[in-house]
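Residues per chain are reported as follows:
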Amino acid sequence: MTSPAKVTFVDPDLDAIATATGRVAVVVSGDGKLSPAARRVNRLSRGAIKRLTESDSYDKRAIGDVVTLAYPVGMEADAIDVVILNRRSTQEQLRKAGASLGKLMGEDGLLLLPGTLRDTQRLIEAIVLRNYAYKDQKTDEAKPTGTITVQCADPAQMEQVTLPLLAVAEGVFFTRDLVSAPANVLTTTEFANQLKALEDSGLKVEVLEEDKLTELGMGALLAVGQGSDSPSKVVVMRWDGGGDEAPLALIGKGVVFDTGGISLKPAAGMEDMTMDMGGAGTVAGAMKALALRKARANVVGLVGLVENMPSGNAMRPGDVVTSMKGDTIEVTNTDAEGRLVLCDVMWYAQDRFKPQGMIDLATLTGAIIIGLGHHNAGVFSNDDKLCNALTKAANSVGEGAWRMPLGDAYAKQLKSRVADVNNVGGRPAGSITAAEFLHRFVKDDMPWCHIDIAGVASVKAETTFAPTGATGWGVRALDQLVQTMMEKDA
Ligand code: BES
Ligand code: MN
Ligand code: ZN
């Protein structure tokens, strides 16, 4: 398990600056005005800060930039990170600066001197989020991440506004660990065990085993998992922090490994399919975040955990399976398995919980990567209000989300000669026909969003804000949505 860096809040202490080890980050405004702490750093380092702010190039630096002065004289720290931020900086500038600091600090300790910076908690959040590395499979003695010490005028108040953000960061780290884990380690059973352990955070967790899923009639989900030696499971996580309102339902695709099944994927790049449980990972991280920050809302998370393998028991192309809803599905391509898992979990969620709204997340199609790349998740919805609230929440926390269309003409591509519906709709508009397949399993008047996170759940190159690998995309968007939509007058 990867834990976010510990953050402590202390009173200003000019003497401690000289003896701090690791790194010292000091906020300096764009016009070069120095806070008392920055003046102290300047004096200790014999004028290094002033040399920077008075240099010709200082004007050309952007707000949000970080300039490192390595091995300063007069201080025990290895480096001074000069953080160029005005007292009132934008969320994006704060995020950018924080991400640079989070990357630079690595496993070192960090003394942060924010001066009079507003929204310092956002800077801290960004440092913590960027300071992630997946090391669970490394045998070298794991060095614990250093502590972030924040010197500020009112430590108790600063701690109070930062704690909920750190709770959400724990949810993001949980998602990243799950998405990063190899499939031989994160089997369906291990995944369910890790979700069961969320009861320690205050969630109610139920694991539904195959006999129960058979009884419920989840023929589509079970068909996907039938070729694997790992048992299929559905896990239900409940956070009841609200009154008696109907819950919001979050549904996640949890394919722990997607070989494609009998419609086998090409060998090159198949290892990336360890992340095909990204939807379930995001739902789990969001549920953990809501529990840790004790959200005043009712939210239920449901994930379908299966492995898509070719074997003597595997489903074949041409098989017809019966969903919990009762619709029969012709499986033309066993690699279009995510929708088969989701349709049963979505139906069960609506049947059992009568939610006020439903959001599913899935690494569903390669086509969404062609459409939107790695910068935006694709959002599909039958409800403008829910969809606008979701995309707004996502964009406000810096998680890209872009709405895509639905439509009957796309749904027609899924016509089957032998069954009620086909599981694939041909190459054109592959992400939209996948969404239309799911749409069929949304009850009338149920506000619903489908988020295709195939492009954003894990990235091959680091972005400004996230390290290479699992991003945890969506945990903060969903948390923000719950805040704005469900907790606004609580
Ligand atoms: N898990 C994949 C989608 C995917 C692709 C996720 C790349 C992340 C990166 C999904 O199960 C799949 O195989 N989809 C097929 C659908 C097709 C057979 C209609 C695809 O996108 O090729
Ligand atoms: Mn597939
Ligand atoms: Zn898949």
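Values in this document were obtained by computation on a predicted structure and should not be read as measured data. (Residues numbered from 1 in each chain as written. Chains lettered and ligands numbered in written order. Predicted model: local features only at pLDDT ≥ 70, side-chain atom pairs only at ≥ 80, totals over all residues. Heavy atoms only, no water.)

In this structure, what is going on with the pattern of salt bridges? I would like to understand it.
Opposite charge on two side chains permits them to pair, given that their charged atoms come into close proximity. The full count for this structure, using the stated rule, is 28 salt bridges. When the shortest N-O distance is used, the salt bridge between Glu125 and Arg476 registers 3.9 Å. Of this pair, Glu125 sits in helix α5 (residues 120-130) while Arg476 sits in helix α16 (residues 475-486), and the two are 351 residues apart along the sequence. Taken as a pair, Glu125 and Arg476 share a single burial class, namely buried. (Salt bridge = Lys/Arg side-chain N within 4 Å of Asp/Glu carboxyl O. Helix = DSSP H or I, 4+ residues; strand = E, 2+ residues; numbered from the N terminus. Buried < 20%, exposed > 50% of the residue type's maximum accessible area, 1.4 Å probe, protein only.)

Looking at this structure, I do not really get the coordination of the zinc ion (ligand 3). What am I missing?
Geometrically, a metal with four donors at the corners of a regular tetrahedron has ideal angles of 109.5 degrees, and one with six donors at the corners of a regular octahedron has ideal angles of 90 or 180 degrees. In this structure, Lys253 (NZ), Asp258 (OD), Asp276 (OD) and Glu337 (OE) serve as the protein donors to the zinc ion (ligand 3), at separations of 2.0 to 2.4 Å. What the six donor atoms of the zinc ion (ligand 3) show is an angle range of 77 to 172 degrees at the metal, which sorts the shape as octahedral. Sequence positions of the donors to the zinc ion (ligand 3) reduce to the motif K-x4-D-x17-D-x60-E. Distance-wise, the manganese ion (ligand 2) is placed 3.2 Å from the zinc ion (ligand 3), both being coordinated by Asp258. With Lys253 in strand β9 (residues 248-258) and Glu337 in the loop between β12 (328-330) and α11 (338-353), this pair connects stretches of sequence that are 84 residues apart. Judged by its relative accessible area of 2%, Lys253 is buried. (Donors = N, O, S within 2.8 Å, 3.2 Å for Na, K, Ca; no water. Tetrahedral: all angles 85-135°; square planar, octahedral: opposite > 155°, others 65-115°.)

I'm lost on the domain arrangement of the chain in this one. Help?
Interface extent is often summarised as the accessible area lost during association of the parts. Its domain assignment divides the chain into domain 1 (7-149) and domain 2 (170-486). Each of domain 1 and domain 2 was reduced to a C-alpha centroid, and the two centroids are 38 Å apart. Each partner contributes to the interface: domain 1 provides 14 residues, whereas domain 2 provides 17 residues. A combined buried area of about 1400 Å² lies between domain 1 and domain 2, and 57% of that area is made up of carbon and sulfur atoms. The three residues of domain 1 that bury the most area against domain 2 are Arg95, Leu129 and Tyr132, which together make up 45% of that side's buried surface. Inspection of the domain 1/domain 2 interface yields four residue pairs in polar contact (both at pLDDT 80 or more). When contributions to the side of domain 1 that touches domain 2 are tallied by element, the ones reaching two or more residues are α4 (91-105) and α5. Of the residues forming the side of domain 1 that touches domain 2, the biggest block, five residues, is contributed by α4. Here the residues of the side of domain 1 that touches domain 2 sort into five nonpolar, two polar and seven charged. (Domains from an automatic or database assignment. Contact = heavy atoms within 4.5 Å. Buried area = accessible area lost by both parts, 1.4 Å probe. Polar contact = N/O pair within 3.5 Å; in protein donor to acceptor, adjacent residues only side chain to side chain. Nonpolar A, V, L, I, M, F, W, Y, C, P; charged D, E, K, R; others polar.)

Help me out: how do you make sense of the environment of Val459 in this one?
The residue Val459 is located in strand β18 (residues 458-459) in this model. Val459 gets classed as buried once you look at its relative accessible area, which sits at 7%. Spatially, the C-alpha atoms of Val459 and Gly469 are 5.0 Å apart, while their sequence positions differ by ten residues. With near-sequence residues (within four places) excluded, Val459 lies in contact with His374, Pro467, Thr468, Gly469 and Thr471.

Honestly, the site of ligand 1 in this entry has me stumped. Any pointers?
Close to ligand 1 lie 17 residues; Lys265, Asp276, Asp335, Glu337 and Gly366 are nearest. The side chain of Lys265 places a nitrogen or oxygen atom 2.8 Å from an oxygen atom of ligand 1. A distance of 2.8 Å separates an oxygen atom of ligand 1 from a polar atom in the side chain of Asp335. Considered on its own, ligand 1 offers 520 Å² of accessible surface; in the complex 77% of this is hidden by protein. Of the residues in the shell around ligand 1, the class split is six nonpolar, four polar and seven charged. (Near = heavy atom within 4 Å. Areas by Shrake-Rupley, 256 points an atom, 1.4 Å probe, with all protein chains shown as cover.)

Help me understand the packing of α5 against helix α6 (residues 155-180) in this model?
When two helices pack together, their arrangement is given by the angle between the helix axes and the distance between those axes. At a closest axis distance of 9 Å, the pairing of α5 and α6 adopts a crossing angle of 25 degrees. Here α5 is positioned roughly parallel relative to α6, judged by the angle of their axes. The element α5 and its partner α6 pack so that their crossing is right-handed. Between α5 and α6, the residues in contact are Thr120, Gln121, Arg122, Ile124, Glu125, Val128 and Leu129 and Met158, Val161, Thr162, Leu165, Leu166, Ala169, Val172, Phe173 and Arg176, respectively. (Axes fitted to C-alpha atoms, helices over the stretch in contact; angles between N-to-C directions. Parallel < 35°, antiparallel > 145°, perpendicular 65-115°, else oblique. Left-handed = near helix turned anticlockwise from the far one by under 90°.)

Would you mind going over the packing of α6 against helix α10 (residues 278-292) with me for this structure?
The interhelical angle for the contact between α6 and α10, taken along N-to-C directions, is 155 degrees, at an axis separation of 8 Å. Looking at the two axes, α6 sits roughly antiparallel to α10. In the packing of α6 onto α10, the handedness of the crossing is right-handed. On α10, the residues that touch Ala167, Val168, Glu170, Gly171, Phe174, Thr175, Leu178 and Val179 of α6 are Gly278, Gly281, Thr282, Ala284, Gly285, Lys288, Ala289 and Leu292. Among the residues forming the contact of α6 with α10, the class breakdown is eight nonpolar, six polar and two charged.

Would you mind showing me how to read the packing of aromatic side chains here?
Given two aromatic rings, one states the distance between the centres and the angle between the planes to describe the pair. Enumeration according to the criterion identifies two aromatic pairs in this entry. Taken together, a centroid distance of 4.9 Å and an interplanar angle of 80 degrees make the contact between Tyr132 and Phe173 edge-to-face. Of the two residues, Tyr132 is situated in the loop between α5 and β6 (148-151) and Phe173 in helix α6; the sequence distance between them amounts to 41 residues. Looking at Tyr132, the relative accessible area reads 8%, which means it is buried. Overall, the relative accessible area of 0% leaves Phe173 in the buried class. Ring geometry for Phe437 versus Phe441: centroids 5.4 Å apart, planes at 40 degrees, classification tilted. The aromatic ring of Tyr132 is capped on one face by Arg176, whose charged end is 5.2 Å from the ring centroid. Across from the ring centre of Phe441, 5.4 Å away, lies the NZ or CZ of Lys325, which sits over that ring. (Phe/Tyr/Trp six-rings, centres within 6.5 Å; stacked < 30°, edge-to-face > 60°. Lys NZ or Arg CZ within 6 Å of the ring centre and 35° of its normal.)

For this particular structure, what's the right way to read the sheet that holds strand β3 (residues 66-70)?
For sheets, the rule is that strands pair by backbone hydrogen bonds, running either parallel or antiparallel. Pairing is mixed across the open sheet formed by six strands, whose spatial order is β1-β6-β5-β2-β4-β3. Two strands in the sheet have a free side with no partner beyond their single neighbour: β1 (7-10) and β3. With strand direction ignored, the average angle separating the axes of adjacent strands in the sheet is 20 degrees. Of the strands in this sheet, β2 (23-28), β3, β4 (79-84), β5 (110-113) and β6 are in contact with α4, which crosses β3 at around 30 degrees. Against the sheet, α5 touches β1, β2, β5 and β6, its axis set at about 160 degrees to β5. (Pairing = 2+ DSSP bridges.)

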